[in-house]
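# Remarks on the overall topology
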Amino acid sequence: MTSKLLLIAPIVFAGINSYSQQVIDLYQTVPNAVASAIVTEKSDTTTNNRIRTSQVVWPTLTAFFPEKNKSNGTAVIICPGGGYSYLVINREGTDVAEAFAKKGVAAFVLKYRLPNDKIMNDKSIGPLQDAEQAIKIVRDRAGEWNIDTSRVGIIGFSAGGHLASTASTHFNEVVIDNKENSNLRPDFSILVYPVISFSDSLAHKGSRKNLLGDTPSINQVHRFSNERQVSAKTPPAFLIHCGDDKVVSVGNSIKYYESLLRNGVKAELHIYPTGGHGFALNNSTVTDQWLDRCFNWMTSNKWLKRE
């Protein structure tokens, strides 16, 4: 099926901040879709106020645009986590977008399809299709949104980190309609307690099962073990993890960092001793704020300053 973005989308304004928000449909016709599928998107809120969205059938981008006088031309696409089962759409999505918009960065929360045989012909590429389409849209409309096409990054949390690292290592594997030959490579990636590897020793088993099924082939496991897919063209990365993460082993970030170094790709890795998994913007066990470190990294690479 062809993939065409909708050029018109409603603009709404959040009551809690001054950043304009625009909801953008990724496609006119969703690719790789099962035409007869009847699945309804769901949303619930946990006791700790995490908004979880699941059964996504119609993927979107929600854009948070900075004030024009603060815009620096950089953009980020944000991939919330949730084990490829749901999306933590606020803590690892909209909250993050607001923080980046405050720094002058145009931030786009990607509500991507979660792998599901009921709605996809090939569930292993569904999330990657949506990430590639999001990058394409941001670059294709960069002039309209005051974005520098050479400063389009991607951020991912947990399984969203797997998607972000997949987009960073599989950008030559075009799984969308891209007649315009738009550049699908992120310029940088920010990976927060990411799932990287699907090897038995490191994999978050739930994420692997949801994306590849119960009995994936060794070729599929290697294909989506992104530490194996790093090349000299993989974009620079900033990685955050905690040594006591019991959900996604810190070894995931270490392996990816080592692969980047071997291939001559600039990277920065911060490992906190405590904090566990899923802390989003606030690791309350330490006084250091990882987002400040991230902004320092972006500044040193000139992504927070217009040249």
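Residues numbered from 1 in each chain as written. Predicted model: local features only at pLDDT ≥ 70, side-chain atom pairs only at ≥ 80, totals over all residues. Heavy atoms only, no water.

Within the chain, the secondary structure is distributed over eight helices and twelve strands. Whereas a compact globule of 307 residues would reach a radius of gyration of roughly 19 Å, the chain reaches 18 Å, a difference of no more than 12%. If you line up the chain on its principal axes, its C-alpha atoms span 50 × 50 × 45 Å. The buried share of the chain, reckoned over its 307 residues, is 58%. Sequence-distant contacts, at least 24 apart, represent 76% of the contacts inside the chain between residues at least 6 apart. Summed over all atoms, the accessible surface of the chain reaches about 13000 Å², with 49% contributed by carbon and sulfur. With 33 positive and 28 negative side-chain charges, the chain shows a spacing of 1 Å between the two charge centroids. (Helix = DSSP H or I, 4+ residues; strand = E, 2+ residues; numbered from the N terminus. Rg over C-alpha atoms; globule rule 2.2 N^0.38 Å. Buried < 20%, exposed > 50% of the residue type's maximum accessible area, 1.4 Å probe, protein only. Contact = heavy atoms within 4.5 Å. Areas by Shrake-Rupley, 256 points an atom, 1.4 Å probe, with all protein chains shown as cover. Lys, Arg positive; Asp, Glu negative; His and termini not counted. Charge placed at Lys NZ, Arg CZ, Asp CG, Glu CD.)

The buried fraction of strand 6 (residues 75–79) amounts to five of the five residues, a majority that puts the element mostly inside the structure. Here strand 6 pairs with strand 8 (residues 106–111) via four bridges, running parallel. Residue pairing for strand 8: Val76 is matched across the bridge by Ala107. Pairing analysis gives five bridges linking strand 6 to strand 9 (residues 152–157), with the strands arranged parallel. (Pairing = 2+ DSSP bridges.)

Inspection of the entire model under this criterion finds eleven aromatic pairs. For the ring pair Phe238 and Trp297, a centre distance of 5.5 Å and an interplane angle of 40° mean the geometry is tilted. Of this pair, Phe238 sits in strand 11 (residues 237–242) while Trp297 sits in helix 8 (residues 290–300); the two residues are 59 residues apart in sequence, bridging distant segments of the chain. With respect to class, Phe238 is no different from Trp297; both count as buried. The ring of Phe171 has Arg185 sitting right over it, with the charged end atom 6.0 Å from the ring centre. (Phe/Tyr/Trp six-rings, centres within 6.5 Å; stacked < 30°, edge-to-face > 60°. Lys NZ or Arg CZ within 6 Å of the ring centre and 35° of its normal.)

Below, the discussion takes up helix 5 (residues 205–212). Since one α-helical turn is 3.6 residues long, residues separated by three or four positions face the same way. Restricting attention to buried positions, one finds in helix 5 the residues Ser207, Arg208, Leu211 and Leu212. Along the axis of helix 5, the buried positions cluster into a sector of 100°, meaning they face one direction only. Of the surrounding secondary structure, the elements contacted by the buried residues of helix 5 are helix 2 (126–140), helix 4 (159–169) and helix 6 (218–223). (Arc of directions from axis to C-beta.)

Glancing now at the pattern of salt bridges. Evaluated as defined, the whole model comprises 15 salt bridges. With its nearest N and O atoms 3.7 Å apart, the salt bridge here joins Asp117 to Lys123. The exposed category is assigned to Asp117, whose relative accessible area is 54%. Each of Lys136, Asp140 and Glu180 takes part in one network of salt bridges that share partners. (Salt bridge = Lys/Arg side-chain N within 4 Å of Asp/Glu carboxyl O.)

A positive phi is found at Gln55, a non-glycine position, where the angle reads about 55°. Along the chain, Gln55 falls in the loop between strand 4 (51–54) and strand 5 (60–65). Residues other than glycine seldom take positive phi values, yet Ser158 does so here, at roughly 55°. Among the structural elements, Ser158 can be located in the loop between strand 9 and helix 4. A relative accessible area of 8% means that Ser158 is categorised as buried.

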